[in-house]
Each structure stands twice: as C-alpha cells, then as structure tokens.
Amino acid sequence: MGLTNNSLGIKAVDSGLAIKKVSSEDKVVALAGNPNVGKSTVFNNLTGMNQHTGNWPGKTVSNAQGYCSHNDKNYVLVDIPGTYSLMAHSVEEEVARDFICFGNPDAVVVVCDATCLERNLNLVLQAIEITDNIIICVNLMDEAKRKGIIIDTDRLSIILGVPVVATNARKKNTLYKLMQALEELLISQKKATPIKIEYESDVETAINAMLPALVRFKDVISLRWLAIRLLDYDETLTKQLNEFLGCDLYSDEEINTKLREAKGILDACDISAEKLQDKITSGLVLTAEKICKQTVSFKKRNYNSSDRRIDRILTGKTTGIPVMAAMLTVIFWITLSGANYPSRLISNGLFRMQDILTELFNNIGAPDWLHGLLVLGMYRVVAWVVSVMLPPMAIFFPLFTLLEDLGYLPRVAFNLDKFFKKCGACGKQALTMCMGFGCNAAGVVGCRIIDSPRERLIGIITNNFVPCNGRFPTLIAILTMFFIGTSVGMFESILSALLLTCIILLGVVMTFAVSRLLSKTILKGIQSSFTLELPPYRRPQIGKVIVRSIFDRTLFVLGRALAVAAPAGLLIWVMANVTLGDYTLLAHCSGFLDPFARLLGMDGVILLAFILGFPANEIVFPIIIMAYLSSGSIMEYERLSDLRELLTLNGWSWITAGSTMLFSLMHWPCSTTCLTIQKETKSLKWTAISFVLPTLIGMAVCFVFANTARLFV
Amino acid sequence: MSAYNSLNELQKGQTAKVKALAATGSMRRRLQDIGLIEGTRVECLQISPGGDPIAYLIRGAVIALRLEDSSNILICQ
C-alpha cells in the first residue's frame, strides 16, 4: 500500500467489512491470494482504480473496494490483504480471513503466482474448504514463461474442480477471461464440485463425527470447514464464528457432545492438539504438492539463477549494505540536481502570475486587504509550496517506485533485520519505514505487516523518524541554500546528496536507538519469530511507474498540501497584518516562542511554523518564508536563490539551518499521522507517546547541537 | 540433544529435508503454512550481511528466517 486517496489519512485505517454496493444487483467479489502475487494489479486493471502496487509482500494491509462492469453486469471488487494462510497470525491476515469467511462475498477469486504455484495452492485449498464460489486466477504467466515454467491450467481446473484462468494482470486484455469466468459462475450459477481435501483417516472420522451437530448451519457456512475449525481451537476465530452464527459454539450442548466424541476419537489415536494441527496443515501442503506434480513442469532447471546472482550483490555479506547506501545517495543526487532547475522555472512562472494578479486586483479597484488576503496571503504560500515541493517529489517518487516495483524493498528488510533484532524490533519495520518516506500515516498503517503487537507498536511509534515527502523538500531546500549554494556544480550536488543521505541515516539511527529504548523499557517482551519472503525480481514497468507516481502520488500529495496551505496562507497574512498594541499578532506569537526556540537554535518564527504546520508538514517552510516576508521587509524575494539572503537577514546562520533540519526530522507527527496512530493502536496513551517521544528527542538533539555549535563560532 | 541437525547449520548452497519442527504455537503454524512439513526439501540460498537472517528456498519461494526460528527446524540429509 502506498499513497493514494485510499491509503492516506483516515480512510487508510478502515479495515471494516462495510461494502458499498451501487445497486442491490451488484455482485461482491473478493480478491484473495498470497502476498505479492499481483492482486492489486488485477484490482486496478479491472476497476480502473489506482490502488498502489509494488513488488513486496504486505503492501495491501486493509480492504480496498472498487467497481467494474462486464457485459452490463456490475461487480464490487474487494482487494484484501495477501496471506499465506487463513489461520490468521497477524492483523492483516485476520482482515483477509474475516472477509472471506464472514464478509459474505458472492465469489472469491484467489490470485496465484504462476512462478510459485505450489505454495500458493495451500491458500487456494483453504479457501476451497470455505466456499464453492471460487475462481483461481493464475497470474504472472509471462514471468513463468520467461522462467520456463509451464502450467497446465486446464488440468488444474479439472483436479481442483473449480474454474481456473491464466492471466497476466499487467496486460489488461488477459483479464477478460477472468471476468467471463466470473460471469459464468455468478450469473449462470454453474455449480462447481470442488476438490475435497482428504486428511488422515482418523482425522476424517473425527470431522465426520462433528458434522451432525452442525447441520443447522448448512446454509450459511461450510460444515466440514466449521468442524475442522472447532476441532482445531482458535480463540479469535471462535469469537468471530460465534458472532457470525449467532450462537456460542463451545457452550452449545449438542456441539459439545459431538466435540467430546470427536476428541475421544483423536485421543484414542494419540493425536494431540498440536498433532492435529500438523495433520491438517500437512494434509493441505501434501495435496498442493500432489496437484503441482500433475500440472506444473519446468523447462529450465535453474530458472531462478539470475535472481540469485542479483541477490549475491544486493544482499551479499560485504556488498549488501554499501550498495544500499550508495543507491540511496544516487537517488538523492538525481533528485537534488534534477529538482533545482525546474524549481526555479516554476517559481519564476508562479511569481510572474502573482504580478499579473496584483495588476488585476488594482485594475478592478479591489480593496488592499482583499488583495493582501488572497494574493499576498493565500496565493503566495500556495506558490511557494508548489515550487519547493513539486520538483523533488516528481523526481523522487518515480525513482523510489521503480525500486519498489523491482522487488528491492524486501531485500532492505533482509539486510537490516539483524540490526532491528538487536533493538528488539522486527526487520519488516524497514518496509514500513520505506512507506514512511511517502507518508508517515501510510507507514503507520503498514505496520500491520508486523506480526507481534509489541514490535508493531515499536514500528508505529518510530515511523516518524523517517522524513515523509512533506518534510523532505524542506530538508532539500535548506540544505541547498545553506550548505551547498544554489549554483549546482557536480561536486556540490554530490556533496548535498551525501549530506541528505547522512540526515536520512541519522533518522534511521534514531529509529534503531528509540526502538531499542522502547524494547528495554515500556515495550519489554520476547522477540517474536520472523518469516520474510524475498520475491522474485520483476522487470519494472518504467513508463507506467512514472505516469502512476506522478499522477497519483505526486499530484495527490501536492493537492493535500495545497488544501492546507491556502488557509494557512490566509491565517499568516491576517496574523501579520492585525496589530494588537504595538505589534502584530504574528510578532506576539513568535515573540512568545522566541526565547525557548533560541535555546533550540531556531527562532520564534520557525517554531511557530512547525506548530502551524501540524496539519501538514509541507507548509512549514513556506510559512517561515511568508512570516519573514510579511514582517515589514519591503524587498521582493521571488526566486529560490534570493531566499538565502532573506533568511540571513532574519538572523539565520548555519546553526539555525542545522537545527531547523534536525527539528524537521524529529518532532511531532502531523495531525493525519496522529489520528492514524490513534485508530491503529486504539489507545490514547500510545498516541501521546508517539507524539511526545520524537518531540522531546528532537528538542534535546537541537539543544545539544545548537549549543555545542555555538562554542565553535 | 537432538540426533538431527537443525536448519541453521546448513551451509550456503546445501540442501536438506525437514525432519521435524521443534517450534510451537503460532510459529509452528506459520512455518507449516509456508510449506515446511516433514519431508520438505530446503536449500540454503543467501546469508544476510549481518549473518542473520538467512534466506532459504522452500517450495519455490525464497523465505528469510532468523536463527532462533531456523534452529527449531530439524533436518536430515
């Protein structure tokens, strides 16, 4: 999950089962599957929506829904999180299981990875046990073909007893077959006779013993599945089942009698609860293995050898981490050196527009205050936000998305897990940190991929140490102005990229330090286990990545920033122009904050800007500029290159710049992130800690930095 | 204690068969879900820069496991 309307902000945390049909005729179709098999791509191509896709497991952590129609029939598609199993180990798996089991979808499409069919069949078989209305979509057929893997889908369909379609979700036309199959299944009510997974005979006897007690549920749930679940007790599932069936299963007289009878059968065969679980899972795994032997053939023996070669470099003992740091630096370098020129162009254009607007206001004889409010207040902040933010985002996002598409991010988690482990955290936190680069709120939601609640909390609380795209351009702007200069030569641009990398690394180091601190103090606990899939590398769809990341990530984030920037511009202008006593409101506020802010190496205006930037970090830097501009200086600063002069005139030194950057990296999360944390943790306490902890740390770091630096000046 | 080696002792490039799982609870289930049951063939593919975790080829998928977990998977040749 990345940055789209669905995944950002409050909506992002909606994991509920509220399905919105357009008309009651609409059919609800759930898209299930292992993580990272292209479910979101199928979903996007069918619905025309832009659920963010990426090559790493756990990208979709909540249900997303969209609409599509085929032959005049309408469908509601629900993209559920990828899971290996429906026996729920983590929050996202629970979301997936609950939807398939209790969301009453009209059909379930299980999307499989053709390059790894055997493992995928485990989930297919589990889903088949729950519902008959199922279609198997064997996706990534092109990847399989490239690797010399041949899948006999017709044979697979006969063995499984349910429709199987081969698709290549990146190519829309192959999805036509899927929709045809859905239509046949749902509209023409073609009845499937799915495969029955055979367990060992003792287990079968126990299951059969249970069935008579469950007959009353036969219209709402698969009895065989229910019987297995009752035998194989699971606390959270039981709660859900009780609610769904409107009956307290384990206190029901009849069920209990039969359950005792079935348990007796198992006991007689010396099958303990753990052994039963073993037998159930191995029943599934062995069935999958058998099916694969009959349907999959390999043309090349070492079909994965090129992936292994790449892995040897990207995750190698000596190369893994240096390559990672180098890649980060290169991305920053491209972003920094590429953003400079367009930034200037945009700001020139937008400020020429401001002159035109001013002239227009003068010509129609608009009052001064109106011109001030709308043009000098609102328009100018908006113009700053666009020219400072747009270019770096439009370069950084596509580059980052390319890495994501390629499948690099799980390798980052693999490389860094040892460090996370030392800090008592989970390596998958690296993935959520990567999401944090886009948006911390999305990163917080992404923490659902972390299984242990303790480690998940650590991930949530520390996510804010990764600068999101709202803070990123601020860092870039200050860095360029104060430490590099705006005339960008090769050497300077490399230096700035290195400095930026250092700042990001500082954020990473803080993440480790705070994670460690938390797991040694308030979040003590045992280390949980960890399984991380390293998916096959996939060729990124470069054109698509660029278009996608510019249109839905960049423009969306920019839109959100502007929505906050416009009113903030108004407010700042009013504050700068309404006087109370001898001073403006702005001067009162910043004056009040000034002594404290000076301790931290900043000034009152900067701290005020951070406070006003609570709704969106994007506007912090523009507010600083606005505040300086409106506090009486008559000079016109309209180019980024002039900004340094403006800041210096207002008392900025490299210490101010450094402290501002540090505080930008480490302060309270924005309002959206706070709300998201509250929703995810359902606890005010943890939300408060997530707010206070980075703030205190940031203040301490700024204090130490500023006061040490002053000794050297 | 055990007569068998555990998975974490497998060297890069070696393969072995799973003999039994010593893990319990949800980890046991998770390992089974990714296809690790008695008789499953596992290959040790890649050791991470820190030495831990280690990536294994399990039923066509590459899965990284921490030492604590892989030491709970008993193997035989």
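Everything quoted here is computed from the prediction, not taken from an experiment. (Residues numbered from 1 in each chain as written. Chains lettered and ligands numbered in written order. Predicted model: local features only at pLDDT ≥ 70, side-chain atom pairs only at ≥ 80, totals over all residues. Heavy atoms only, no water.)

K.L.:
Looking at this model, I keep getting lost on the sheet that holds strand 5 (residues 134-139) of chain A. Mind explaining?
P.N.:
Residues and elements named next belong to chain A. The strand order 2-3-1-4-5-7 describes an open sheet built from six strands, whose pairing is mixed. Whereas interior strands pair on both sides, the edge strands pair on one side only; in this sheet they are strand 2 (64-70) and strand 7 (164-166). On average, each strand axis in the sheet is inclined to that of its neighbour by 25°, with strand direction left out of account. Inspection of the sheet shows strand 4 (residues 107-113) paired to strand 5 by six bridges, in the parallel sense. Along strand 5, the bridge assignment pairs V110 with I136. The strands that helix 1 (residues 39-47) touches are strand 1 (27-33), strand 2, strand 3 (73-79), strand 4 and strand 5; relative to strand 2, the one it contacts most, it runs at about 50°. Where helix 6 (residues 175-186) meets the sheet, it contacts strand 1, strand 2, strand 3, strand 4, strand 5 and strand 7, and its direction lies at approximately 170° from that of strand 5. (Pairing = 2+ DSSP bridges. Helix = DSSP H or I, 4+ residues; strand = E, 2+ residues; numbered from the N terminus. Axes fitted to C-alpha atoms, helices over the stretch in contact; angles between N-to-C directions. Contact = heavy atoms within 4.5 Å.)

K.L.:
Help me understand the interface of chain A and chain B in this model?
P.N.:
Quite often, the size of an interface is put as the accessible area lost when its parts meet. Contacts between chain A and chain B engage 47 residues on the former and 36 residues on the latter. Taking both partners together, chain A and chain B bury about 3600 Å²; carbon and sulfur atoms supply 50% of that area. Between chain A and chain B we count eight salt bridges in total. Between E274 of chain A and R28 of chain B there is a salt bridge; the shortest N-O distance is 4.0 Å. There are 18 residue pairs in polar contact (both at pLDDT 80 or more) connecting chain A and chain B. (Buried area = accessible area lost by both parts, 1.4 Å probe. Salt bridge = Lys/Arg side-chain N within 4 Å of Asp/Glu carboxyl O. Polar contact = N/O pair within 3.5 Å; in protein donor to acceptor, adjacent residues only side chain to side chain.)

K.L.:
What is the right way to read the pairing of strand 4 of chain A from this model?
P.N.:
Two faces make up the sheet, and in a regular strand the side chains alternate between them. Residue and element names in this part refer to chain A. Counting buried positions along strand 4 gives seven out of seven residues, so the element sits mostly inside the fold. Burial of the side chains of strand 4 extends over both faces: A107, V109, V111 and D113 are buried on one face and V108, V110 and C112 on the other. Sheet topology places strand 1 next to strand 4; five bridges connect them, and they run parallel. Considered in strand 4, the bridge of A30 is made with V108. (Buried < 20%, exposed > 50% of the residue type's maximum accessible area, 1.4 Å probe, protein only.)

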